[in-house]
Amino acid sequence: MTAQCSLSRELPVEEYIIEDEPYYVPVGNEVEIFTAAYKNLLPVNLKGPTGSGKTRFMEYMAYKLKRPLITVACHEDLTATDLVGRYLIKGESVEWSDGPLTKAVKNGAICYLDEVVEARKDTIVVIHPLTDDRRIIPIDKLGVILQAPPDFSLAISYNPGYQSAVKDLKQSTRQRFVAIDFDYPPPELERKIVAHESMVNGEMAKDLVKIGQRIRNFRHHGLEEGVSTRLLIYAGKLIHEGIEPREACRIAMARPITDNSDLQQSIDEIINAIM
Ligand code: ADP
């Protein structure tokens, strides 16, 4: 068998272009900040709890900036090779296949590394040369160094709530990014978002948000993280589908966020008081 290498076979980047404007309600000046960072080639770190709108924001920004968005959900088995690329055996030949990071660099896309602390430290290191003045990605296996074009951008997301000694971003990584804080939107905006996304009426959205806020107060009483905007939307969707509201709230809020039966009972009481 003769091994043939066809280099840099581009995967169609069109599939990463967001055609329709995503629904996004700005909470502060995050749109202006991201735009300014993008123009100045600054990498961005979106810090905030799960389900607080970070991914939706990235989709919106990619649409606004007219760039493809390549998202990578980071996990502990993610290797540098997964991000950069590898040779794959295809029949009788061996072909190079770009990883998502290389693909983003080549196409001037926005690469979004979701939950970056989940990735191993030696994996995170591959983004370092892309996040300083050099803006390069060395591809050792091909013996090439790619220069990122000005329209390439790198964003990461990070949940400070999960911080632990084992899973934390090193300062040498952190200090390569400007950081935008995300949190659950204020009640009037969250009502609007929940109503839009789940199609419940304004009154129901108001009650769901009220429950969400009360549950979030338990964060100081043993609850690891408050109920996310995403879960409020799930509850709304079940209600819109005809599930009894209290039941929907238990299924979408009380049960997912904790296994502690005392906390669940306290949350059930909040639900029963408001619904
Ligand atoms: P994260 O990436 O922070 O985990 P997501 O972006 O997936 O969270 O947000 C969860 C859901 O909440 C989204 O799918 C969207 O429906 C809704 N959402 C949250 N914040 C906003 C917002 N500011 N504007 C519009 N939708 C939002």
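Q: Mind showing me how you'd approach the overall build of the protein chain here?
A: Along the backbone of the protein chain there are eleven helices and ten strands. Judged by the C-alpha coordinates and their principal axes, the protein chain covers about 70 × 40 × 35 Å. Within the protein chain, the fraction of its 275 residues that count as buried is 46%. Across the protein chain, contacts joining residues at least 24 apart in sequence account for 72% of those joining residues at least 6 apart. Distance between charge centroids for the protein chain: 3 Å, based on 33 positive and 40 negative side chains.

Q: Help me understand the packing of aromatic side chains, please; the structure alone is not making it clear to me.
A: Working definition: an aromatic ring pair is given by the centre-to-centre distance plus the angle between the planes. For the structure shown, the criterion picks out five aromatic pairs. By the ring-pair criterion, three or more aromatic residues cluster together here, those being Tyr24, Phe34, Phe57, Tyr60 and Phe182. Positioned over the ring face of Tyr184 is Arg216, at 3.9 Å from the centre of the ring.

Q: I'm lost on the site of the ligand in this one. Help?
A: Near the ligand you find 16 residues, and of these Val25, Gly51, Lys54, Thr55 and Glu197 are the closest. The separation between an oxygen atom of the ligand and a polar main-chain atom of Arg56 is 2.9 Å. Note that an oxygen atom of the ligand is positioned 2.9 Å from one of the side-chain N or O atoms of Arg230. In isolation the ligand exposes 560 Å². Once the protein is present, 91% of that is buried. When contributions to the shell around the ligand are tallied by element, the ones reaching two or more residues are helix H2 (54–64), helix H7 (187–198) and helix H9 (229–240). Looking at the shell around the ligand residue by residue, the classes come out as six nonpolar, six polar and four charged.

Q: Just checking my understanding: could you explain the side chain of His128 for this structure?
A: Among the secondary structure elements, His128 is positioned in the loop between helix H5 (121–124) and strand S7 (136–139). Taking relative accessible area as the criterion, His128 reaches 11% and is therefore assigned buried. Polar contacts involving the side chain of His128 include one to the side chain of Thr173, which spans 2.9 Å. Apart from the residues lying within four places of it in its own chain, the contact partners of His128 are Arg134, Ser172, Thr173 and Arg176.

Q: What am I meant to see in the sheet that holds strand S6 (residues 110–114) here?
A: The strands that make up a sheet pair up through hydrogen bonds in the backbone, lying either parallel or antiparallel. The strand order across the open sheet built from five strands is S3-S6-S9-S2-S10, with neighbouring strands paired in parallel fashion. Lying at the two open borders of the sheet, with one neighbouring strand each, are strand S3 (69–73) and strand S10 (178–181). Each adjacent strand pair in this sheet contributes to an overall mean axis angle of 20 degrees, direction not counted. Judged from the five bridges that link them, S3 and S6 form a sheet pairing that is parallel.

Q: Would you explain the pairing of strand S8 (residues 144–147) in this entry?
A: A regular strand places its side chains so that they alternate between the two faces of the sheet. Examined bridge by bridge, S7 and S8 share four bridges and lie antiparallel to one another. Directly across from Pro138, in S8, lies its bridge partner Ile145. Linking two consecutive strands that pair antiparallel, namely S7 and S8, is a turn of four residues; a positive phi of about 65 degrees is found at Gly143 within it.

Q: How should the packing of H9 against helix H10 (residues 245–257) be read in this particular structure?
A: The geometry of H9 relative to H10 is characterised by a closest axis approach of 8 Å and an angle of 150 degrees between their N-to-C directions. Between H9 and H10, the interaxial angle falls into the category roughly antiparallel. Crossing of H9 against H10: the hand is right-handed. Note on element contacts: H10 touches H9 through Pro245, Ala248, Cys249, Ile251, Ala252, Met253, Pro256 and Ile257, opposite Leu231, Leu232, Tyr234, Ala235, Leu238 and Ile239.

Q: In this structure, what is going on with the environment of Val44? I would like to understand it.
A: Tracing the backbone through its elements, the reader meets Val44 in strand S2 (residues 44–47). Every residue in contact with Val44, bar those within four places of it in the chain, is listed here: Phe34, Ala37, Leu154, Ala155, Ile156, Phe177, Val178 and Ile180.

Q: Please explain the side chain of Glu225 as it appears in this structure.
A: Mapped onto the fold, Glu225 is located in the loop between helix H8 (202–216) and H9. A relative accessible area of 13% means that Glu225 is categorised as buried. Within polar-contact distance, the side chain of Glu225 engages the side chain of Asn159 at 3.3 Å.

Conventions and cut-offs
- Residues numbered from 1 in each chain as written.
- Predicted model: local features only at pLDDT ≥ 70, side-chain atom pairs only at ≥ 80, totals over all residues.
- Heavy atoms only, no water.
- Helix = DSSP H or I, 4+ residues; strand = E, 2+ residues; numbered from the N terminus.
- Buried < 20%, exposed > 50% of the residue type's maximum accessible area, 1.4 Å probe, protein only.
- Contact = heavy atoms within 4.5 Å.
- Lys, Arg positive; Asp, Glu negative; His and termini not counted.
- Charge placed at Lys NZ, Arg CZ, Asp CG, Glu CD.
- Phe/Tyr/Trp six-rings, centres within 6.5 Å; stacked < 30°, edge-to-face > 60°.
- Lys NZ or Arg CZ within 6 Å of the ring centre and 35° of its normal.
- Near = heavy atom within 4 Å.
- Polar contact = N/O pair within 3.5 Å; in protein donor to acceptor, adjacent residues only side chain to side chain.
- Areas by Shrake-Rupley, 256 points an atom, 1.4 Å probe, with all protein chains shown as cover.
- Nonpolar A, V, L, I, M, F, W, Y, C, P; charged D, E, K, R; others polar.
- Pairing = 2+ DSSP bridges.
- Axes fitted to C-alpha atoms, helices over the stretch in contact; angles between N-to-C directions.
- Parallel < 35°, antiparallel > 145°, perpendicular 65-115°, else oblique.
- Left-handed = near helix turned anticlockwise from the far one by under 90°.

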